[in-house]
Amino acid sequence: MGTWRDVLTPGESIEVEVPASTGNVGPGYDSLGLALGHYDTVEIGVLESGLEFELHGEGCESVPRTEDHLVVRCARAAWAAAGLADQPGLRVVAHNRIPHGRGMGSSASCAVAGVVAANALLAESARLTDRQVFQVCAAIEGHPDNVAPSLHGGLTISWGEPGEWESAPVTVHDDVVPVVAIPNYEVSTALARSLLPAQVEHRAAAVNAGRAALLVEALTHRPELLLPATADALHQPFRAPAMPPSAALVSYLRDRGHAALISGAGPTVLALAPSADAGRVEAAITDFAAHPDEEREHVTWRVLRLTVPRQGARVVSHPKQ
Ligand SMILES: Nc1ncnc2c1ncn2[C@@H]1O[C@H](COP(=O)(O)OP(=O)(O)O)[C@@H](O)[C@H]1O
Ligand SMILES: N[C@@H](CCOP(=O)(O)O)C(=O)O
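Only a predicted model underlies this, so the values are computations on that prediction, with no experimental measurement involved. (Residues numbered from 1 in each chain as written. Chains lettered and ligands numbered in written order. Predicted model: local features only at pLDDT ≥ 70, side-chain atom pairs only at ≥ 80, totals over all residues. Heavy atoms only, no water.)

Q: Before we move on, can you summarise the site of ligand 2 with the specific residues and values?
A: Ligand 2 sits among 14 residues. The nearest are Asn-24, Asp-30, Asp-145, Arg-193 and Arg-239. The side chain of Asn-146 places a nitrogen or oxygen atom 3.1 Å from an oxygen atom of ligand 2. One of the side-chain nitrogen or oxygen atoms of Thr-189 is found 2.9 Å away from an oxygen atom of ligand 2. Starting from 350 Å² of accessible surface for ligand 2 in isolation, the protein chains cover 98%. (Near = heavy atom within 4 Å. Polar contact = N/O pair within 3.5 Å; in protein donor to acceptor, adjacent residues only side chain to side chain. Areas by Shrake-Rupley, 256 points an atom, 1.4 Å probe, with all protein chains shown as cover.)

Q: Can you tell me about the side chain of Thr-22, naming the residues and giving the values?
A: Here Thr-22 is to be found in strand β1 (residues 13-23). Taking relative accessible area as the criterion, Thr-22 reaches 0% and is therefore assigned buried. In terms of polar contacts, Thr-22 uses its side chain to reach the side chain of Ser-263, at 2.7 Å. With residues near it in sequence (within four places) discarded, Thr-22 still touches Leu-32, Gly-33, Leu-34, Leu-36, Gly-103, Asn-146, Ser-263, Gly-264 and Leu-270. (Helix = DSSP H or I, 4+ residues; strand = E, 2+ residues; numbered from the N terminus. Buried < 20%, exposed > 50% of the residue type's maximum accessible area, 1.4 Å probe, protein only. Contact = heavy atoms within 4.5 Å.)

Q: Give me the site of ligand 1: which residues, what numbers.
A: Around ligand 1, the surrounding shell holds 17 residues, and the nearest of these are Gly-101, Gly-103, Ser-106, Ser-107 and Thr-189. Here a nitrogen atom of ligand 1 and a side-chain polar atom of Asn-96 are 3.3 Å apart. One nitrogen or oxygen atom from the side chain of Ser-107 is found 3.0 Å from an oxygen atom belonging to ligand 1. Protein coverage of the free-state accessible area of ligand 1, which is 560 Å², stands at 79%. Here ligand 1 occupies the largest pocket. By residue number, the principal contributor to the shell around ligand 1 is helix α2 (residues 106-121), which donates 3 residues. For the shell around ligand 1, a count of residues per class yields 5 nonpolar, 10 polar and 2 charged. (1 Å grid on protein atoms, 1.4 Å probe; cavity = no way out; pocket = protein on both sides within 12 Å on 5 of 7 lines; lining within 4 Å. Sits in = over half its atoms within 2 Å of the grid points. Nonpolar A, V, L, I, M, F, W, Y, C, P; charged D, E, K, R; others polar.)

Put into structure tokens, the structure is as follows:
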């Protein structure tokens, strides 16, 4: 390949919209993922040199405005995978709605935004395939369960290993409503992953294998099975000490018959409800929040009733000069 000017045009920009996601979905650690109808939009423009940022919304005060910005790193990773040794400058305009460090896949959505937009800016002959896009995004994230639904929408079942990830998208039953309770504290995914033991008991593995299989049936055909199908013994119990208020809310909701779980690596709590029950889930969260114990007297919850979008990342504006 020659220089970046052969495949990119200074002044061109493109905007993408990417849904949030919930990883694991209870028993499907690092495998199952569900798209959530809550979106970031990111526009990337090609500059002759340098970096420009216009950042709005969640995290915009704390993310770096340097080459370390996740969108910049991901765009560069996509262009490197496409064979560009030298690279242009970048302008990033982001409207972030997905909260950071809460288990709603903000880093995966950001990776998908950067890779999809950077790829769409390339001349057609240089573009990565969909499979390559997935590999680049999953390599940045380290696990595939969030990037797969952010790319494809719906429920995704992912497997494989670094560089060879696979993912099967599955259509979710229309009557599954995700209700999230987002607390006002963060837990980084890196910290939550460090809490997991190297080995687990055979019984825990057996519980999760059975429930993960059941969960696919519950999410696609029989939502009435969501409560038993979302049980988990592989990650939530080990991470609970990092998020006691969230663990308490999961138990509170499950004791009342709602299919609640820790979203991704937490600390957001996700309940998957039939539409007729969504109001009861919201009322139960309000009731829980109204009676805090000492441990959670400073914790507040933002409650959102979302959808499971069938579409993942999409280009919302085409290259413009
Ligand atoms: N839109 C974004 N722009 C820049 N950086 C982001 C964005 N979204 C996420 N990040 C980075 O990812 C981190 C959160 O990732 P992580 O700990 O995996 O939590 P989450 O569960 O939200 O994905 C943020 O602290 C930030 O460094
Ligand atoms: N499988 C991952 C999911 C992390 O999701 P996030 O939204 O918290 O980044 C894990 O459980 O570590």
